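# Observations on the three-dimensional arrangement
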Amino acid sequence: VRKVIIGAREAKPNTIFLNREFVDLNDGDCGLAVLSKGLPEYQVIDEDNKIALTLFRSVGWVAKEINSRIGDAGPLIYTPGAQCLREMSFEYAVYPHEGDVHKGNVCRESDLFNSAVIKLSTDRHEGVLDKEKSFFSLTDESNSFKVTSCKRSEDGKSVIIRGYNSSETWIDVELESFFRIQRAFLTDLHE
């Protein structure tokens, strides 16, 4: 019991952090991003500034020492099936760039890497379409806006586009659409 209580209260400094789609190291002039799909976890190994990306998690024993704790986290339980001993595949990309994360357009590249192409089929219509069309596009000067969702509204009458500013400064975002925009509203998650 003492090991569990001490382990839960006296944490080691955590060196593993969460990410969302990419990790970037840069000095303002140049940088290197690792774009990832899957577990959102990474570590930067200080000695050489190496990026360690978590590909999967597995354990042989539940409650053995965990990186972020001193002592055990509970009763030791042998879990050989949790070692994930099987063939697996992972998707990630290495993206060297100029400047910081914004100048290097890292958010945009991670969006392209992590987003599946949306395609629509329809019946035949008169007219000619361009070979490439986008349902919508969002742009900003610093490449800082990150789209997180594009969905039909709950009432089915509108399209909701969600996102956030990944920079620390105010940005203006411009929205363009293949379709005519009749009205636009700022809304919250409750719509």
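As shown above, the structure is provided for reference.
Residues numbered from 1 in each chain as written. Predicted model: local features only at pLDDT ≥ 70, side-chain atom pairs only at ≥ 80, totals over all residues. Heavy atoms only, no water.

### Some words on unusual backbone geometry
Here Glu21, not a glycine, exhibits a phi torsion of approximately 80°, which is positive. Relative to the elements of secondary structure, Glu21 occurs in the loop between strand E1 (17-18) and strand E2 (22-26). One non-glycine residue, Asn49, lies in the positive phi region at around 55°. Following the sequence through the fold, Asn49 ends up in the loop between strand E4 (41-45) and strand E5 (50-53). (Helix = DSSP H or I, 4+ residues; strand = E, 2+ residues; numbered from the N terminus.)

### Structural notes on the sheet that holds strand E3 (residues 30-36)
Reading across the sheet, the three strands line up as E2-E3-E8 and stay open at both edges, with antiparallel pairing between neighbours. Of all strands in the sheet, those bounded by a partner on one side alone are E2 and strand E8 (92-98). Within this sheet the neighbouring strands show an average axis-to-axis angle of 15°, counted without direction. Both E3 and E8 contribute to a ladder of seven bridges, which runs antiparallel. The residue bridging Leu32 from the neighbouring strand is Pro96, located in E8. Against the sheet, helix H2 (residues 106-114) engages E2, E3 and E8, with an angle of about 25° to E3. (Pairing = 2+ DSSP bridges. Axes fitted to C-alpha atoms, helices over the stretch in contact; angles between N-to-C directions. Contact = heavy atoms within 4.5 Å.)

### Topic: the side chain of Ser167
For Ser167, the position within the fold is in the loop between strand E11 (159-165) and strand E12 (174-177). A polar contact is formed between the side chain of Ser167 and the side chain of Asn165, at a distance of 2.8 Å. Here Thr169 takes part through its backbone oxygen, which lies 3.1 Å from a polar atom of the side chain of Ser167. Setting aside residues up to four positions removed in sequence, Ser167 forms contacts with His102 and Ser144. (Polar contact = N/O pair within 3.5 Å; in protein donor to acceptor, adjacent residues only side chain to side chain.)

### Some remarks on the nonpolar core
Counting residues in hydrophobic clusters, the biggest one holds seven residues: Phe22, Ala33, Leu35, Tyr95, Val101, Val106 and Cys107. Mapped by element, the contributors of at least two residues to this core are E3 and H2. In this view, Cys107 contacts Phe22, Val101, Asn143, Lys146 and Ser166; residues no more than four positions away in its chain are not counted. (Core = buried A, V, L, I, M, F, W, Y, C linked by side-chain atoms within 4.5 Å. Buried < 20%, exposed > 50% of the residue type's maximum accessible area, 1.4 Å probe, protein only.)

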